[in-house]
Amino acid sequence: MNYEYHNPVLLKESVDALVTNPDGTYVDVTFGGGGHSKYILSKLTAKGRLISFDRDQDVLDRLPNDPRFTFIQHNFQFIKQFLTYGEFVPVDGILGDLGISSHQIDVDNRGFAHRFDGPLDMRMDANAKLSAQTVINDYSEEQILHIFNTYGEIKNAFKLTKTILSHRKGNRITTIEGFKNTISECTPKDTPAKYLSQVFQAIRIEVNGELKALEQLLIDSESLIKENGTFVILSYHSLEDRLVKNYFQSGNLVGKKHTDMYGWSTQPFVGKPNKAIVPTEEEVNNNKRARSAKMRIGIRNKWN
Ligand SMILES: C[S@@+](CC[C@H](N)C(=O)[O-])C[C@H]1O[C@@H](n2cnc3c(N)ncnc32)[C@H](O)[C@@H]1O
């Protein structure tokens, strides 16, 4: 398969763990270049089914022509509604490979990459209302500060926010170059790329509501995946991984364990293994974008 669009991370490890029933129904909530989806299909019999989601129109000409495959061009935040409406529930497993694809960051017209000039956009779904331009030009000081502090853990978030606020007065910031010039006095001279990546990541998370979508997916997975079914999530930054870890360890997003009146745990998934799996050195050497990946696998409990 040609991986120019996106080189799938932990491909074998994730899909081999996911597909335990070749006649089963599986969901890939992040189709991207289709690497994981196509490998899932290769493991299914004629009876098996795969439903894949992606919000990005650019994936449309990569969809497999396969009677076992259904594509839903939508935010996976609404997975429960779509799977219920399509009568796909309960499913045997769900895979999520979070964040953006290499394609999205390798093209110059989407606004995800700071190495190109282009529109200050960053929308995964080109029809979505909220873009990076709105966040930078129309959000309040408190909102912008919160985004840089929480989603980017930016050390000089306060100075950065004040700088944006003072430059944007009577002057709309609409391009990547314009934005980079605006914040140049805050960008460290020795490590500009690292800093800009953190700033761009923070804005992108807000624009696409990435944490909200993940939270809803985690909460809904309990009612969607059948007993002994598998939930596999690959995340690329600590905020996402913390949510997944908490959910697998406790059944809620804050990681607080609960037990029933007999002292049994009420968590819907058991982490298996109980820690994150990371790519091998060989994979990271072949695919630099794999370096921050953490994969967690949850098995749906029998009891809850
Ligand atoms: C890391 S890539 C997936 C790559 C894919 N596993 C492959 O092998 O090519 C993530 C993809 O998920 C999509 N995506 C991210 N968040 C989404 C959401 N909330 N709803 C739908 N699609 C989403 C992005 O548009 C992107 O195409």
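The structure this text deals with has already been given above.
Thresholds applied
- Residues numbered from 1 in each chain as written.
- Predicted model: local features only at pLDDT ≥ 70, side-chain atom pairs only at ≥ 80, totals over all residues.
- Helix = DSSP H or I, 4+ residues; strand = E, 2+ residues; numbered from the N terminus.
- Rg over C-alpha atoms; globule rule 2.2 N^0.38 Å.
- Buried ≥ 20, exposed ≤ 12 C-beta atoms within 10 Å, placed from the backbone.
- Contact = placed C-beta atoms within 7 Å.
- Near = placed C-beta within 6 Å.
- Nonpolar A, V, L, I, M, F, W, Y, C, P; charged D, E, K, R; others polar.
- Pairing = 2+ DSSP bridges.
- Axes fitted to C-alpha atoms, helices over the stretch in contact; angles between N-to-C directions.
- Arc of directions from axis to C-beta.
- Parallel < 35°, antiparallel > 145°, perpendicular 65-115°, else oblique.
- Left-handed = near helix turned anticlockwise from the far one by under 90°.
- Right-handed = clockwise from strand over helix to strand, strands pointing away.

### What to know about the overall build of the protein
Part 1 of the reasoning: Regarding its fold elements, the protein presents 12 helices and 7 strands.
Part 2 of the reasoning: In terms of overall size, the protein behaves like a compact globule, its C-alpha atoms giving a radius of gyration of 20 Å where 304 residues would be expected to give roughly 19 Å.
Part 3 of the reasoning: Judged by the C-alpha coordinates and their principal axes, the protein covers about 60 × 50 × 40 Å.
Part 4 of the reasoning: Every one of the 304 residues in the protein was classed for burial, and the buried ones make up 41%.
Part 5 of the reasoning: Expressed as a percentage of contacts within the protein between residues at least 6 apart in sequence, the contacts between residues at least 24 apart total 67%.

### Side note on the site of the ligand
Part 1 of the reasoning: Within the structure, the ligand sits among 22 residues, and Pro 8, Thr 30, Gly 32, Gly 33 and Gly 35 are positioned closest to it.
Part 2 of the reasoning: Here the shell around the ligand is composed, by residue class, of 7 nonpolar, 11 polar and 4 charged.

### Remarks on the environment of Ile 219
Part 1 of the reasoning: Examined against the element boundaries, Ile 219 turns out to sit in helix α10 (residues 210-224).
Part 2 of the reasoning: Note: C-alpha distance between Ile 219 and Lys 80 (139 residues apart in sequence) is 9.9 Å.

### Overview of the sheet that holds strand β5 (residues 225-235)
Across a sheet, strands are paired by hydrogen bonds formed along the backbone, either parallel or antiparallel in direction.
Part 1 of the reasoning: Spatially, the 7 strands line up as an open sheet ordered β3-β2-β1-β4-β5-β7-β6, and their pairing is mixed. Here the strands that pair on one side only, and so sit at the sheet edges, are β3 (69-72) and β6 (269-271). The mean inter-strand angle of the sheet, taken between neighbouring strand axes irrespective of direction, is 20°.
Part 2 of the reasoning: Here 6 bridges tie β5 to strand β7 (residues 294-300), and the two strands are oriented antiparallel to one another. What sits directly across from Ser 235, in β7, is Lys 294.
Part 3 of the reasoning: Contacting β1 (25-28), β4 (91-97), β5 and β7, helix α1 (residues 11-18) crosses the sheet at an angle of about 165° to β5.
Part 4 of the reasoning: Here α10 sits on the sheet and contacts β4 and β5; the angle it forms with β4, its principal contact strand, is near 165°.

### Focus: unusual backbone geometry
Part 1 of the reasoning: The linkage connecting Val 89 with the following residue, Pro 90, adopts the cis geometry, with an omega of 0°.
Part 2 of the reasoning: Residue position: Pro 90 is located in the loop between α3 (79-85) and β4.
Part 3 of the reasoning: Cis peptide bonds are those with omega within 30 degrees of zero, and the linkage from Lys 272 to Pro 273 qualifies with 0°.
Part 4 of the reasoning: Along the chain, Pro 273 turns up in the loop between β6 and α12 (281-286).
Part 5 of the reasoning: For Glu 87, which is not glycine, the phi torsion reads 55° and is therefore positive.

### Quick notes on α1
Since the α-helix packs 3.6 residues into each turn, any two residues three or four apart lie on the same face.
Part 1 of the reasoning: For α1, every residue scored as buried is listed here: Ser 14, Val 15 and Leu 18. Viewed end-on, α1 has its buried residues packed into an arc of 85°, placing them on one side of the element.
Part 2 of the reasoning: For α1, the secondary structure elements touched by its buried residues are β1, α2 (35-43), β4, β5 and β7.

### Examining the pairing of β7
Part 1 of the reasoning: Counting buried residues along β7, 7 of its 7 residues qualify, which places the element largely inside the surrounding structure.
Part 2 of the reasoning: Neither face of β7 is open: one carries Lys 294, Arg 296, Gly 298 and Arg 300, the other Met 295, Ile 297 and Ile 299, and all of them are buried.
Part 3 of the reasoning: Note: β6 against β7, 3 bridges, orientation antiparallel. Within β7, the position partnered with Phe 269 by the bridge is Arg 300.

### Details of the packing of α10 against helix α11 (residues 238-250)
Part 1 of the reasoning: Axis separation between α10 and α11 bottoms out at 11 Å; the angle between their running directions is 15°. With respect to α11, the axis of α10 lies roughly parallel. Here the hand of the crossing between α10 and α11 comes out right-handed. Across the interface between the two elements, Leu 211, Leu 214, Glu 215 and Leu 218 from α10 touch Leu 239, Glu 240, Leu 243, Val 244 and Tyr 247 from α11.
Part 2 of the reasoning: Of the residues in the contact of α10 with α11, the class split is 7 nonpolar, no polar and 2 charged.

### Looking at the pairing of β1
On a regular strand, each side chain points to the face opposite its neighbour's, so the side chains alternate between the two faces of the sheet.
Part 1 of the reasoning: What you see with β1 is no split at all: Thr 25 and Val 27 on one side and Tyr 26 and Asp 28 on the other are buried throughout.
Part 2 of the reasoning: Where β1 and strand β2 (residues 49-53) come together, 4 bridges link them in parallel fashion. Looking at β2, one finds that Tyr 26 is bridged to Leu 50.
Part 3 of the reasoning: Viewed along the sheet, the connection from β1 through α2 into β2 turns out right-handed.
Part 4 of the reasoning: Across 3 bridges, β1 lies against β4 in parallel orientation. Across the sheet, residue Asp 28 finds its bridge partner in β4, namely Leu 95.

Keep in mind that these numbers describe shape and distance, not what the molecule does.
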